[in-house]
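Summary of the model geometry
One letter stands for each residue in the lines below.
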Amino acid sequence: MRMLQPSMEFLTRLSRRWVPACLVAVAFVGTSHAEDVLKTLRPGHPRLILLDADVAKLRESVEKEPVTRELHKELKKQADKMLGEPPAVHRLIGPRLLDQSRLVLRRVTVLAALHRIDGDRKYADRAILEMKTAAGFPDWNPSHFLDTAEMSNALGLGYDWLYSVMTPDDRRVVREAIVEKGLKPGLKIYESKGWWSKSPNNWNQVCNGGLTVGALAIADEVPEAARQVVDAARKSIPIAMKSYAPDGGWEEGPGYWSYATAYNTYYLDALQTALGTDFGLGDSPGFAEAGEFRMHTIGPIGRTFNFADAGDRSGPAAEMLWLSGRFNRPSYAAHELALTAPARRGVFHLIWGLRASPGSTFSGEALDAAFRRINVACFRSAWGDPNALYVGFKGGDNKAGHSHLDLGSFVLDAQGERWAVDLGSDDYNLPGYFGKNRWDYYRLRTESHNTLLIDDANQDPKAEAPLVRFLSTPERGHAVADLTAAYAPTVSKAWRGVARLGSEGVLIQDEIEAARPVKLKWNFHTDASKIQTEGGQATLSKGDRKLTLRVVEPAGATFAVEPCDPPKPQKQQPNVHNVCLTFKDVTKTRIVVVAELPHNGVGQPSVEPLKSWADASRK
């Protein structure tokens with residue numbers, strides 16, 4: 001005989017009356033659990049991420065360590081500014097409440113952490129006001145569940161970190177909001193097997209991570225709801241964590257790597273601190289290498305290889321410090337601290353910096369890397385030198401989350417400048433941006449990327465382009481992508497190879513075969529302030545710095561320069577131009593272009609068929 005479970009409202013009424021946790025649990029005796037995931041729950045508060053022992057270490061570090069002291073000072077500036085700002089509001093931008101959820105998360109964590117470190121009650125009071133305001137929202141916009149998950153994370157951390165200074169009524173208001181506006185909508189999705197609970201993309205980690213933090217914060221007072229969420233999340237999140245295997249690559253690009261990995265670390269750290277275990281999830285294949293992807297997809301001037309709706313400005317990533325400590329990778333912490341000035345760091349840099357594996361350099365990293373599952377390769381001539389040569393090159397999968405139709409595209413840095421640019425995303429609120437109109441928008445179409453355009457048509461949105469060659473030596477790094485599926489059946493072969501030639505230049509080689517004559521366009525988008533072309537040579541200038549593009553094959557090819565502004569309201573980029581080559585009536589051709597620095601150049605490169613390029617994986 002099946003016993004009926006009481007409603008969540010009944011559970012909440014019980015918690016209001018401060019019924020002991022053991023009695024609340026009895027109300028759910030009809031629910032069967034193969035394993036009680038809360039059996040090791042740390043009693044009392046705080047139990048999530050920032051424990052009392054951590055606070056004591058932080059106080060000592062602020063007193064003794066200049067880097068920590070500087071960051072603490074910067075966070076106090078931020079917190080003092082927050083004191084005079086109005087609380088968040090329930091305001092949607094397009095379909096999203098997300099900017100307000102993130103605002104609440106940033107304010108609550110900064111203010112609550114500083115209260116615990118410094119003991120200043122004004123920070124706690126302002127954080128509690130923020131939480132109670134968010135708790136009073138009519139909902140946390142569950143139709144766009146990222147908003148709900150991030151708000152659950154924010155209030156869960158605030159509830160746990162400030163529990164001792166909140167009044168019973170404060171706790172009730174926040175706790176009920178976590179249950180009613182966070183956990184209950186989440187449980188509906190778990191029960192119905194909603195799409196993000198089965199997805200391998202960033203939504204999975206954000207939603208599971210945010211809900212789990214909220215659940216663990218109130219797990220002793222609302223154990224059954226918390227138990228269900230924690231259990232469901234630990235079964236769901238491996239689907240996304242598999243995406244890091246085998247080498248840490250993330251097909252949604254560096255921007256969504258940061259989002260997904262941040263929430264993966266919130267999730268794992270919350271489990272570890274609250275339960276003493278992460279259920280072995282931290283040991284998922286490829287996760288220890290996740291920091292390698294961030295390091296290699298950020299060029300020497302701090303700009304990312306911004307494929308898949310990413311921006312090209314690298315943001316801070318405190319998760320690199322967590323990964324550093326968890327996997328004993330000093331280079332992760334060294335890279336993050338070299339990349340982000342104190343003014344750009346956040347409260348989790350302060351917290352996870354305590355655990356980071358000590359080390360001051362990342363110069364021992366390999367110059368080049370290939371992320372085989374996602375078919376992306378990155379090459380550089382040196383680490384730690386802002387003038388180093390850098391190339392990010394992708395095959396990839398046009399079906400991947402946030403993908404553009406950009407198989408074969410690349411970015412190029414040299415002399416402290418980015419020369420070949422990716423325009424990045426457009427406005428997410430454009431009609432059908434994630435739907436039927438996606439491939440109508442210029443920035444997402446093939447024509448706007450540094451790849452081949454054939455017959456003026458988009459690549460196949462279902463196509464994949466594997467890397468079929470990869471080599472890395474100090475003198476040369478290269479990769480070859482098979483782009484044939486992107487243009488089939490128009491072409492029978494489309495291969496592209498990109499090679500770093502020491503520290504002096506880059507070679508881009510294409511081999512195309514088609515059964516009928518096609519129009520072929522070779523693209524190189526740049527925001528160079530001056531572009532001079534003469535036949536098969538183009539000189540790009542930014543101030544006194546120059547880069548030369550030179551056609552090696554075929555003879556007689558000439559560069560042209562075209563504007564890149566689509567119709568409004570799409571984003572405009574009048575400072576960007578496409579330096580391009582166009583060929584008509586092509587059935588079989590090889591295109592070889594070198595991009596070289598003016599002081600030495602690469603001379604006349606040796607040109608070999610792409611199938612002859614060495615492949616280290618075959619040795």
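Conventions adopted
Residues numbered from 1 in each chain as written. Predicted model: local features only at pLDDT ≥ 70, side-chain atom pairs only at ≥ 80, totals over all residues. Heavy atoms only, no water. Buried < 20%, exposed > 50% of the residue type's maximum accessible area, 1.4 Å probe, protein only. Helix = DSSP H or I, 4+ residues; strand = E, 2+ residues; numbered from the N terminus. Contact = heavy atoms within 4.5 Å. Phe/Tyr/Trp six-rings, centres within 6.5 Å; stacked < 30°, edge-to-face > 60°. Lys NZ or Arg CZ within 6 Å of the ring centre and 35° of its normal. Salt bridge = Lys/Arg side-chain N within 4 Å of Asp/Glu carboxyl O. Core = buried A, V, L, I, M, F, W, Y, C linked by side-chain atoms within 4.5 Å. Axes fitted to C-alpha atoms, helices over the stretch in contact; angles between N-to-C directions. Parallel < 35°, antiparallel > 145°, perpendicular 65-115°, else oblique. Left-handed = near helix turned anticlockwise from the far one by under 90°. Nonpolar A, V, L, I, M, F, W, Y, C, P; charged D, E, K, R; others polar. Pairing = 2+ DSSP bridges. Polar contact = N/O pair within 3.5 Å; in protein donor to acceptor, adjacent residues only side chain to side chain. Expected span 1.5 Å × (residues − 1). Disulfide = S-S within 2.5 Å.

Moving on to helix α13 (residues 319-327). Counting buried positions over the nine residues of α13 gives seven, a clear majority of the element. Looking only at α13, the buried set comprises E319, M320, L321, W322, L323, S324 and F327. For α13, the secondary structure elements touched by its buried residues are α11 (253-275), α12 (290-296), α14 (330-339) and α15 (347-353).

The subject of this paragraph is the packing of aromatic side chains. The tally for this structure, following the rule as stated, stands at 26 aromatic pairs. Taking the centre distance of 4.8 Å and the plane angle of 80 degrees together, the rings of Y263 and Y266 count as edge-to-face. Residue Y263 and its partner Y266 are located together in helix α11, separated by three residues, close to a single helical turn. Classification of Y266 as buried rests on a relative accessible area of 10%. Each residue in the set W161, Y256, Y259, Y263, Y266, F348 and W352 is aromatic and connected to the rest through ring pairs, giving one cluster. The positively charged end of R234 is found above the aromatic ring belonging to F279, 4.7 Å away from the centroid.

Scanning all chains against the criterion turns up 48 salt bridges. Between D269 and R355 there is a salt bridge, with the nearest N and O atoms lying 2.6 Å from each other. One end of the pair, D269, is in helix α11; the other, R355, is in the loop between α15 and β1 (369-371), and 86 residues separate them in sequence. A relative accessible area of 28% means that R355 is categorised as partly exposed. Salt bridges sharing partners connect three or more residues here, namely K81, E85, R107, R126 and E130.

Turning our eyes to something else, we now look at the nonpolar core. In this structure, L155, W161, L216 and F348 are the most contacted members of the largest nonpolar core, which totals 123 residues. With twelve residues, the top contributor of residues to this core is α11. With residues near it in sequence (within four places) discarded, W161 still touches P46, L48, I49, L50, T109, A112, A113, R116, F348 and I351. In this structure, F393, A463, I512 and A514 belong to the second largest nonpolar core, which totals 50 residues.

Bringing the environment of Q570 into the picture now. With respect to the secondary-structure elements, Q570 resides in the loop between β17 (560-563) and β18 (577-596). Taking the C-alpha atoms as reference, Q570 lies 7.4 Å from D427; in sequence the two are 143 residues apart. In this view, Q570 contacts D426, D440, Y441 and Y442; residues no more than four positions away in its chain are not counted.

Moving on, we get to the packing of helix α6 (residues 121-135) against helix α7 (residues 145-161). Remark: α6 packs on α7, axes separated minimally by 10 Å, with the N-to-C direction vectors making an angle of 140 degrees. Taken together, the axes of α6 and α7 lie oblique to each other. In the crossing of α6 with α7, the sense of the turn from one axis to the other is left-handed. Of the residues in α7, those in contact with M131, A134 and A135 of α6 are M151, L155, G158 and Y159. The residue inventory of the contact of α6 with α7, partitioned by class, reads six nonpolar, one polar and no charged.

Within a sheet, neighbouring strands are paired by backbone hydrogen bonds and run either parallel or antiparallel to one another. Judged by pairing direction, the sheet is antiparallel, and its five strands sit side by side in the order β1-β2-β3-β5-β6 without closing on themselves. The two strands at the open ends of the sheet, each matched to only one other strand, are β1 and β6 (417-420). With direction set aside, neighbouring strand axes in the sheet form an average angle of 15 degrees.

As for its position among the elements, D527 is in the loop between β13 (525-526) and β14 (530-534). A sequence separation of 14 residues divides D527 from S541, and the C-alpha atoms of the two residues are 9.4 Å apart. Residues in contact with D527, not counting those within four places in the same chain, are R418, W419, V421, K542, N575 and V576. Here K542 takes part through its side chain, which lies 2.6 Å from a polar atom of the side chain of D527.

So, about α7. Between its first and last C-alpha, α7 extends 24 Å over 17 residues, near the 24 Å set by a 1.5 Å rise per residue. Of all 17 residues in α7, 17 are buried, a share of seventy percent or more.

Here the focus is the state of the cysteines. Following the criterion strictly, the structure yields zero disulfides and no others. We note that C564 lacks a disulfide partner, and the nearest cysteine sulfur, in C580, lies 8.7 Å from it. Overall, C564 belongs to the buried group, its relative accessible area being 2%.

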